[in-house]
Structure formats: structure tokens, C-alpha cells
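If you want the building blocks of each chain, they are given just below.
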Amino acid sequence: IFFRQTCTMLRVRAVHRSSLARWLAPRRVRFQSTDEDITTMQPTGSTIEAHSNPVFRIPNQADEQRNLAMADSNASCVLSHVGPFIQEHENDPAAFTMVHYPGAEMVFGSYHPMGALYHEAVSITKARQAIKSLTDSLAKCKVDVLSVGDILRIGTGLDDRQKLEEFAMSSITYDTTATALTAAEANLMSTEYKRKAVEQLDTFDLIDAIITRPSLTLEKSTRNTPLTSTAYNFSPLTNLVFTRDQQVVTAKGVVLSQLYSKQRAPEVHLIQFCLEKLGIPILGQIPPPGKLEGGDFLPAGKDLCFIGLGIRTNSRAIAHMLHNQWFGTERVAVVKDLLDRKQLRMHLDCVFNIAGDDVCVLMDSIIGDKSSAYRLVDEYTLVEGEYRKTQENVEFGAYLNSVGYHIIPVTDRMHNNYGVNFINCGNSRLITTDAETADHISKSPCFNGSIDNIDFQEITKLYGALHCSTQVFREGRNRTMPKPPRASDPLMLATQLSSSPAATLPPVRQTTNWCLVVAPTYFAQNPETFQDNAFMQTKAAQTMTSLEIVEQACTAFAALYSALKSNGVNVKLFHHEAYHDTPDAVFPNNWFSTHSDSSSLVLYPMKYPSRQRERRGSMMHFLKGQYSNVVDMTSHEDDEDAAVTKALEGTGAMVLDRVNKVAFCALSQRADSSVLEEWCNRLGYKPVTFETKEAIYHTNVMMSIGTSMAVVCADSIVDGDRARVLGELKKCGKMIIKASEEQMAAFLCNCIELRNNDDQKLLFMSEEANNSLTENQMYHILQHVDKIVPVEFSIIEKVAGGGVRCAIGELF
């Protein structure tokens, strides 16, 4: 009722605006069309003037014409000395920046903060004051500012008005559940009727409609009017204050984003409208399923730029930009967040920023490969007219040092206070929002600039800060900064990266020092595989949110990845994206195996469609580049009906003695005997099949075979098969370490023996498996391997029902 009263009064222009403001003030209503009441734009970094009532105003016709003329004048002044519209280096002088004064849309967001992607509810008054402080500080640095409202109000011509009306019309929706409307009633739901209504709105009302995106539900009425509105729904642009994300501005120009959250997608259309209104050229937009957000991009000169790959920007978007050469630099450093995946570190500019020509700020807890959250860099270089990968999986701190950057490390507390998310107005003139970080940077011997620290904490409740809230266009300048020396010729580096990882290994051996792993970047409990995997625990998945599961899974995977690397095992790292729809991608050993004696790559039939999708192009391209003989058994799959598929899920379904060429296989829904026989005939193996007491989905959860030992849960094998299976293992020369069924449930049998580059034998297993070992078992295991390497892996074991061995695809 109150809202309808408010809407009615907004249309009554005769009401004195001050009395209406007094009536609304205690009810905390604010509207979008009010940014001109906070700021009066002037060219060349003016100071902002606050009006007495900065949160609400109804303009009369004279006010509107004056403000439209002012917006036009401001934009003309700003744009007259700007161009081209690019960013070559974060330390170049800022020419102008685009911001947004929050209005009613932010109030809607505070009704359910997490639903609006907020951390907590926001005071609109404090949020607007924060933007005022930001624009004041920008003015001190002689940086011009255009607000989204300013841009939408630009133009007093008929064409400008018509374009704004069309945009507003696309933002307003009429809907009804009525099934029998007369022609006259249907006309009241028509585009023509909506257009007539929109034509009566003033510019401020149109902007309100564009940003709050109302949807009206209308029903037939038997009195008063033919139709009556029964519901007013809104899809407001609750995160529009973060004007950085909807585009990236590179050394080549503007690229429109594809925002990760569906509710933010309309922001891109609005910013595109604004850019086109300003006459700023657009190179193109990232097509789905690519995802790109501006907070992941930082320019570092004509030679280099940084793009983050993480929870908001994916590899498909980066590949599209590389293919179209939209970065405009000779090199592109792709900074991958595969091991952290935290909401507080959603963008690259949350953990990394550029404070000078060769000075950067970096969160210290992600520096060094001993960190559980470190970033990895793949570098792409223009070689013979196209971008080619010339470095791979380089620790971010080491990469920054190699390209000549001096790193100012900041603590987690500074990061949590958004100290890294500052604005560089050029020539090391920084605007920060955390006093401790500002003091820390200013005291660094490698920083030679100025800092203005402002209160921006209200905006940080939305998981973003200063850098997120500004889209900057910069003036290029000539630099004398030399390019850092290259370790080798880019073409040679690109060739080396595609060479075979296991080319120097002996033709036949039980273990390898190379493996392929897939980071669980979109990990989840798989409802398909839950049907026949008794090791998956429902409770583990129900006590956490989906985001928490992914975060913990990535932490567990980071421990495994770090353990492999620090112990001298060579690793080829991949990851997966949400659009792949592959919740079990962390277990690559099920869909492929490699065999150096025949240079073979075997592709296996997977029971469930979600697992069949794990055979992705990037990994297939890599694997087929290493092995000349591809044995493709996927014709046994049915991608629609899992019951029809005859599955044999790789080295999960089979546990191999590679030297003696014996394949041990517990028959199950994931291990078909006829497909196993075909595989053995093609690879030259002897099959040893058996049944288990309980339905065990994969053999490798109850058996592991190393060079000279086998860890086996013998009690899980049916009585009629047990002696035969143990006898076959002894014939292969294996010392048998018997595990109990309780130890099998702790994934003790899901261990894997690998070798490091010093040819030491290492046994990798989970912490839970390691803790289940008896002293006697540990003693005998250490007679056969040089070291046991335990890693915390329980979240993946419980949620997905697979362990350490499942997560490692061996490359022989």
C-alpha cells in the first residue's frame, strides 16, 4: 500500500518536493534518479557539491531541462580531450572514469543481501556518501567523472529521447494469467499501450525503469478499470555500482563482458547503451558460455597485461579474446586461481594491483608454491601472428619477479579490508580504502607516489571496493621502461610445451613420474554416480553450501597438487568450468589410461553421461599429441541411457600390474566383463575377474598395486574368489598388505605409488587412510617404498566417494 501511495505521489507534480521529501524521509525510500542531486559535474576533476536533500528529489520541467543540458555539457567537456578509449598501463594517467551513484536498486539488494550477491545489508545514505568521497578524491587527482545517470541523460534531441524510451520499454514487462481477454483488454497489454505510457514519463522516470526493471502482473477487473495490477515485481540492477565488471578496457579497446551471475547480465546492456551514447567504439562481446568480468583484468603496458581465470572469468572467454587479439599486447599473463576459489578473492584485483610502472601489490598468503592458495600463470605470446602458450603453471610471485616487478606484499587482514582493491589514477597516485594498507604501501622503498585514503567501507559490504567501482579510460604515454629479458625464444618455448611428458621413461614399468590432474573448480556431489557408489556420504554434502564444498575441495586438491610438486613428481594441470557440467572431473583416471610400451592412449566407456562429458577438447588435444596409438572404446556408451551402456571405467574399474600385464577387475555396473575381455585382447593383458561381497563400484577402492607390493581388502572379496585373487597377486611377485574393511572405507586401498625425478618410490594416500595404518602395516609398506605422502582429502572422499588414487591420471 505504501509503495503504491508513493508511486501515485511521484506522478503528482504539483506536490511541493520538500514536503514530499519530509513525508518519505522517515520511511527510508530512495529512488534511482537522484545522482544529479549528489554531484554537479564539471570538467577536469571538479569537486562534488552535495545538496541539502541528497537522497530524493522530484524535478520539475525546468529542472529536467537544466540537468539534461548540464549532463550534455559535462560529457562534451570530458570526452573532448579523451581518446583513444583504451588502457595500456594501470599507471598511465586516468583521463576519465565512469561510476554509478546507487539508488533504489541497492535498497532492494539489502532486503536479501546474499541473494543480491552482498555480504550484508547496506545503508544507501552511507553508500552514496562513499561514492561522493570517491569522486571528491578523483577530482583532487584531476580525473573527470561521468556517472551512469549523467550518461543516460545526455542529449536533448528527439533521437536521444526515443532511444531512452526504447530502452525503458525493454526494461518494463507486462504479464497476466488471464486466459480470455477481449480485444480491447488485450490492447491494454500491448506494446503500443506501453509505449504511450512510457512517452508520458520524464527522463528521471525512464532511468528508474531501466535500473529497477519493473514487471507488472495485470488481471481482469469488473469495476473501475478493465485491468488491475495485482503485483509489481522488480529485477533491479543491485550491483551496478561496480562499473568495472561489465567491460574490460584493453590496449586495443573496449570488450563487453559476459557476467557470471544471471541477475547481473542486464548491466552489460546498460553499459553498452552508455558507451554507444558516448561514441566509444566496442570491439565486441564475449559469447556464452564464456564468462568475463572486468575485475579480472589489469593492463601492464604495450608488452604485457594480466587476466585472471577464476570463479568469475573462465578459459572460454580468455580463449576468445586471445583468438581475436583483443588484448592488444605482445604477451598475456593468464593468472589462474585453481586452488583457492574464495568469494572474497573472486577477481584478480582482489589480490593483486599495480601501484607503479614496475611496482605491484600482492596478497602475501598466495605468494610461493608452499601456499595452499597460490596462483599459477600461463603466458601467451604473439608468435607468427597468433598467441601461443610460452610458459605454463609458473607461480605468480615468481612470474612477477621474472618480468621485472617489485612486489609489495600485504597481509590477509589488509586484503580482507580491501586494501588491494585501490585505484591508481596514474603516476602512482593511489586512492585506497584501508589506512593500514595505505601506510604499508607508502613506507615501501619501491613506492614513489601519493595516497589518498577514503572511507569506502559501506560499498565493501557488496564484496568490492574502489577498483571495482570505477571504469577508467587512460591517456597513453611513452615509457622508457625496458622489456625484461626473455629466457628463450617464444617459438621454441611454445614447441617445448607440446613435447611428450614421459618420452624418456623406460618402455615398461609399474610406476611413472608424470601425472595428469584436474582441479575441482566446479566440484559437487553427483546424483548420477550416487546411485551405485556406496562410498559417497549424503550428510557431508548436505551440511555445507555448494560454494563451501567447492572451496574445501579446492583446498584439499591444493594439498595434493603441492605434495606432488614438492616431492618431485611432474604434473600436467587442468581444470573444469560450470558449463561443462562435470561434477566428478577431479577423477580423470576413469576415462583414460596411457601405455608407453605401445605409445597408446585408451579412452574408456563411462556409465553416466556426466562422466562421459569429462573427455574435453583441451585434454584430448594434449593427450592425443603425446600418444600415437589411440584405442577408443567409447562406442560401448549410450549417452542417453546409462542402463544400456557397457562400461569399463579405466584404472578405477581395473587395477593393473603393468609389468606382468595382468588386469584385476571387480565386476560391477562400472566394469562390464565383455568390454574387459575386449580391452585385454587389444592391450595384451590377462584378466583376473572376481566378485565382491558388497557392491563396490571400482576395483581401485579395494586394491592398489605398486612395484613390489599390493594393498588389498581381501575380506571384501567373496569367499569363492578370494584365494584365487590373492594367488594371482603372489604370482606377480607382490607382497600383500591386507587392509580391513574399515580401512577400505578410509580409502587406504585407494593409494597410488609414483616415482619422483630422483627415482624414489612414493606412496600417496589421504590423511584418513594414513591414520588408519597399523604400525605393522606401515613398517611393511616402508620396506617397498621410500616414503609415504599423506594429504588431507576427506571432503572429496566423503562427497564424491573417491580418493587420492582416483584423482591421478598416470602418464607413462
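Preceding this section is the structure that the text describes.
Basis of the calculations
One numbering rule holds for all chains: residues counted from 1, following each sequence as written. Totals for whole chains, interfaces and linings use all residues, but because this is a predicted model, local features are given only for residues with pLDDT of at least 70 and pairs of side-chain atoms are given and counted only at 80 or more. Hydrogens are left out, water is left out, and the side-chain values use all remaining heavy atoms of the structure. The helix count covers DSSP runs of H or I at least four residues long, the strand count covers runs of E at least two residues long, and both are numbered beginning at the N terminus. Relative accessibility thresholds used throughout: buried, under 20% of the residue-type maximum; exposed, over 50%; partly exposed, between the two (1.4 Å probe, protein chains only). Here, residues are in contact when the closest pair of their heavy atoms is within 4.5 Å. Here the Shrake-Rupley method, with its probe set to 1.4 Å, supplies the accessible areas, and only the displayed protein chains count as covering residues. A pair of strands counts as paired when DSSP detects no fewer than two bridges linking them. Axes, fitted as lines to C-alpha atoms, cover a helix only where it is in contact. Angles between the N-to-C directions of the axes lie from 0 to 180 degrees. For salt bridges, the criterion is a side-chain nitrogen of Lys or Arg within 4 Å of an Asp or Glu carboxyl oxygen. By definition, the arc is the one covered by directions from the helix axis to the C-beta atoms. Left-handed describes a crossing in which the near helix is turned anticlockwise from the far one by less than a right angle; the clockwise case is right-handed. Only Asp, Glu, Lys and Arg are considered charged in this grouping, and only Ala, Val, Leu, Ile, Met, Phe, Trp, Tyr, Cys and Pro are considered nonpolar; every other residue, Gly among them, is considered polar. Angles below 35 degrees are treated as roughly parallel, those above 145 as roughly antiparallel, those between 65 and 115 as roughly perpendicular, and all remaining angles as oblique.

### A short note on the overall build of the protein
Part 1 of the argument: Summing up its helical and strand segments, the protein has 29 helices and 35 strands in all.
Part 2 of the argument: The buried share of the protein, taken over its 812 residues, is 60%.
Part 3 of the argument: Partitioning the contacts of the protein with sequence separation of at least 6, the portion at a separation of at least 24 is 75%.
Part 4 of the argument: About 31,300 Å² of surface is accessible on the protein, with carbon and sulfur atoms providing 51% of the total.

### What about the side chain of Gln 743?
Part 1 of the argument: Tracing the backbone shows Gln 743 in helix α26 (residues 741-745).
Part 2 of the argument: Residue contacts for Gln 743: discarding those within four places in its chain leaves Lys 738, Leu 748, Ser 772, Leu 773, Thr 774 and Gln 777.

### Focus on the sheet that holds strand β31 (residues 735-738)
Part 1 of the argument: One open sheet holds the three strands; their spatial order is β29-β30-β31, and the pairing between them is mixed. If you trace the sheet from one side to the other, it starts and ends with β29 (703-705) and β31, each paired once. Strand-to-strand, the axes of this sheet are offset by a mean angle of 15°, without reference to chain direction.
Part 2 of the argument: Taken together, the four bridges between strand β30 (residues 709-712) and β31 define a ladder with parallel strand orientation. Along β31, the bridge assignment pairs Ala 710 with Ile 736.
Part 3 of the argument: Against the sheet, helix α25 (residues 719-731) engages β29, β30 and β31, with an angle of about 140° to β31.

### Section: the pattern of salt bridges
Part 1 of the argument: This model, assessed by the stated rule, comprises 41 salt bridges.
Part 2 of the argument: Measuring nitrogen to oxygen at the nearest pair gives 3.9 Å for the salt bridge that ties Lys 140 to Asp 452. Separated by 312 residues along the polypeptide, Lys 140 in helix α6 (residues 124-140) and Asp 452 in strand β19 (residues 450-453) bring together distant segments of the chain.
Part 3 of the argument: Salt-bridge contacts for Glu 379 lead to Arg 331; the nearest nitrogen and oxygen are separated by 3.2 Å. Of this pair, Glu 379 sits in strand β14 (residues 376-383) while Arg 331 sits in strand β11 (residues 331-336), and the two are 48 residues apart along the sequence. Neither residue differs from the other here; Glu 379 and Arg 331 are each classed as buried.
Part 4 of the argument: Connected through salt bridges with shared partners, the residues Lys 336, Asp 378, Lys 389, Glu 392 and Lys 572 form a single ionic network.

### Considerations on the environment of Pro 583
Part 1 of the argument: Structurally, Pro 583 can be placed in the loop between β22 (570-575) and β23 (592-595).
Part 2 of the argument: Judged by relative accessible area, which is 11%, Pro 583 ranks as buried.
Part 3 of the argument: Counting along the chain gives 31 residues from Pro 583 to Glu 614, while the straight-line C-alpha distance between them is 9.1 Å.
Part 4 of the argument: If sequence neighbours within four positions are ignored, Pro 583 has contacts with Tyr 522, Phe 523, Ala 524, Asn 526 and Ser 610.

### Some points on helix α24 (residues 673-683)
Part 1 of the argument: Taken together, the buried positions of α24 are Val 675, Leu 676, Trp 679, Cys 680 and Leu 683. Mapping the buried residues of α24 onto a view down its axis gives an arc of 140°, with all of them on the same face. Turned more than 90 degrees from where α24 packs its buried face, Glu 677 and Asn 681 sit exposed.
Part 2 of the argument: In the core, the buried residues of α24 are packed alongside β23, β24 (600-603), β25 (629-632), β26 (654-657), β27 (662-666) and β28 (686-690).
Part 3 of the argument: Looking one or two residues past α24, Gly 684 carries a phi angle of roughly 75°, positive in sign.

### Structural notes on the packing of helix α8 (residues 158-171) against helix α11 (residues 203-212)
Part 1 of the argument: For the pair α8 and α11, interaxial distance at closest approach is 8 Å and the crossing angle is 35°. Crossing angle aside, the handedness with which α8 passes α11 is left-handed. Judged by residue contacts, Arg 161, Leu 164, Glu 165, Phe 167, Ala 168 and Ser 171 of α8 engage Thr 203, Leu 206, Ala 209 and Ile 210 from α11.
Part 2 of the argument: The class makeup of the residues in the contact of α8 with α11 is six nonpolar, two polar and two charged.

### Focus: the packing of α8 against helix α10 (residues 191-199)
Part 1 of the argument: Remark: α8 packs on α10, axes separated minimally by 10 Å, with the N-to-C direction vectors making an angle of 125°. Regarding the angle of α8 to α10, the classification is oblique. Note that α8 runs across α10; the crossing there is right-handed. Residues Arg 161, Glu 165, Glu 166, Ala 168 and Met 169 of α8 lie in contact with α10, whose contacting residues are Thr 191, Lys 194, Arg 195, Val 198 and Glu 199.
Part 2 of the argument: A class-by-class count of the residues in the contact of α8 with α10 yields three nonpolar, one polar and six charged.

### A word on helix α16 (residues 435-442)
Think of an α-helix as 3.6 residues a turn; residues three or four steps apart then line up on the same face.
Part 1 of the argument: Those residues of α16 not exposed but buried are Thr 437, Ala 438 and Ile 441. One face of α16 carries all of its buried residues, which in axial projection span an arc of 100°.
Part 2 of the argument: Considering only its buried residues, α16 is in contact with β13 (359-363), β16 (406-410), α15 (412-416), β18 (429-432) and β19.

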